[in-house]
Amino acid sequence: MAQSGGDSVYSSSSVEKQFEGFRSQLEDSGKLKERIKSVAAEMESATRFMHSGLLLVHQSRPIPEVLQRANVQIEVLKGLYGQLAEILKECPGQYYRFHGEWRSETQTAVSLIVLLHWLETGDLLMHKETEAKLGLGSSEFGLDIEDYLTGVCFMSNELVSVSLQTSLFIPAF
């Protein structure tokens, strides 16, 4: 609303202060997002390494050898999720604001961990067990059910490939 004489109800300094606050919040948010992206990039690298190790199962390598290489990366991922949890403590209640930065990596990690467990035991790794393997489970930072289920769906694609490969290399009697 304008007052007579062209003066504004809001002074230009109060508007500047407001936008200065916005700028500061956006800069802080951007710095936090960059730190999260950095950890997510390391997660992607760890899952890529884990996946390349699991691909050896298609070359009829001994399962224990394949599992050993891939299991090392679970500890790496656990540490990276710990780093994410520490970063998220700086912005309580903002989990879903930043979740998209590591969602894909989480789904891939779940897929690989569930496949690894299936290769070891022949059983499906349940949500809580998967969460524990990744060092998650606090009320502030856990494994979303959607990410778990998507990872299980991704794992089924790989499982078909493993099954076909295994059936092709069964010696004839």
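What counts, and at which threshold
- Residues numbered from 1 in each chain as written.
- Predicted model: local features only at pLDDT ≥ 70, side-chain atom pairs only at ≥ 80, totals over all residues.
- Heavy atoms only, no water.
- UniProt positions renumbered as here; feature names shortened; annotations may be inferred.
- Phe/Tyr/Trp six-rings, centres within 6.5 Å; stacked < 30°, edge-to-face > 60°.
- Helix = DSSP H or I, 4+ residues; strand = E, 2+ residues; numbered from the N terminus.
- Buried < 20%, exposed > 50% of the residue type's maximum accessible area, 1.4 Å probe, protein only.
- Polar contact = N/O pair within 3.5 Å; in protein donor to acceptor, adjacent residues only side chain to side chain.
- Axes fitted to C-alpha atoms, helices over the stretch in contact; angles between N-to-C directions.
- Parallel < 35°, antiparallel > 145°, perpendicular 65-115°, else oblique.
- Left-handed = near helix turned anticlockwise from the far one by under 90°.
- Contact = heavy atoms within 4.5 Å.
- Core = buried A, V, L, I, M, F, W, Y, C linked by side-chain atoms within 4.5 Å.
- Salt bridge = Lys/Arg side-chain N within 4 Å of Asp/Glu carboxyl O.
- 1 Å grid on protein atoms, 1.4 Å probe; cavity = no way out; pocket = protein on both sides within 12 Å on 5 of 7 lines; lining within 4 Å.
- Points joined across faces, edges and corners; volume = space filled by probe spheres on them.
- Nonpolar A, V, L, I, M, F, W, Y, C, P; charged D, E, K, R; others polar.

- Going by what an unreviewed UniProt entry lists, the chain is known as Translin and is assigned to Papaver nudicaule.
- As its UniProt record puts it under Sequence similarities (unreviewed entry), the chain is described as follows: "Belongs to the translin family."

### Some words on the packing of aromatic side chains
Turning to step 1, where the next piece is worked out: Applying the stated rule across the entire model yields 6 aromatic pairs.
Turning to step 2, where the next piece is worked out: Relative to F22, the ring of F19 lies with its centre 5.3 Å away and its plane at 85 degrees, an arrangement referred to as edge-to-face. Pair noted here: F19 and F22 are both in helix α1 (residues 12-54), with a separation of 3 residues, about one helical turn.
Turning to step 3, where the next piece is worked out: Between Y81 and F141 the ring centres are 6.2 Å apart and the planes differ by 40 degrees, which places this aromatic pair in the tilted class. Here F141 lies in the loop between α5 (127-133) and α6 (145-168) and Y81 lies in helix α2 (residues 63-89), a separation of 60 residues in the sequence. Each of the two residues, Y81 as well as F141, counts as buried.
Turning to step 4, where the next piece is worked out: One aromatic cluster is present, formed by Y81, Y95, Y96, W102 and F141 through successive ring pairs.

### Observations concerning the side chain of H99
Turning to step 1, where the next piece is worked out: Structurally, the position occupied by H99 is in the loop between α3 (95-98) and α4 (103-121).
Turning to step 2, where the next piece is worked out: Overall, the relative accessible area of 1% leaves H99 in the buried class.
Turning to step 3, where the next piece is worked out: Of the polar contacts made by the side chain of H99, one reaches the side chain of D144; its length is 3.4 Å.

### Quick look at the packing of α1 against α4
Turning to step 1, where the next piece is worked out: For the pair α1 and α4, the least separation of the axes is 9 Å and the interaxial angle reads 30 degrees. It follows from the interaxial angle that α1 and α4 lie roughly parallel. Considering the relative orientation of α1 and α4, their crossing is left-handed. Taking contact as the criterion, the partners of A40, M43, E44, T47, M50, H51 and L54 in α1 are, on α4, E105, T106, T108, A109, L112, I113, L115, L116 and L119.

### Some thoughts on the nonpolar core
Turning to step 1, where the next piece is worked out: One finds Y81 and W102 to be the most contacted residues of the largest nonpolar core, which totals 42 residues.
Turning to step 2, where the next piece is worked out: Contributions of two or more residues to this core are made by α1, α2, α3, α4 and α6.
Turning to step 3, where the next piece is worked out: For this core, the element with the highest residue contribution is α2, accounting for 10 residues.
Turning to step 4, where the next piece is worked out: Once you skip the residues sitting within four places of it in the chain, Y81 turns out to touch M43, W102, E105, T106, A109, L134, L136 and F141.

### A few points about the pattern of salt bridges
Turning to step 1, where the next piece is worked out: Tallied over the entire structure, the rule returns 8 salt bridges.
Turning to step 2, where the next piece is worked out: In this structure, the salt-bridge partner of E86 is K89, at a minimum N-O distance of 3.1 Å. Separated by 3 residues within a single helix, E86 and K89 lie in helix α2, roughly one turn from each other.
Turning to step 3, where the next piece is worked out: Taking relative accessible area as the criterion, E86 reaches 47% and is therefore assigned partly exposed.

### Comments concerning empty space enclosed by the protein
Turning to step 1, where the next piece is worked out: Scanning all chains against the criterion turns up 1 cavity of 30 Å³ or more.
Turning to step 2, where the next piece is worked out: In this structure, the largest cavity encloses a volume near 30 Å³.
Turning to step 3, where the next piece is worked out: Together, Y81, Y95, H99, W102, T106, L136, F141, G142, L143, D144 and D147 line the largest cavity.
Turning to step 4, where the next piece is worked out: When its residues are assigned to classes, the lining of the largest cavity shows 6 nonpolar, 3 polar and 2 charged.

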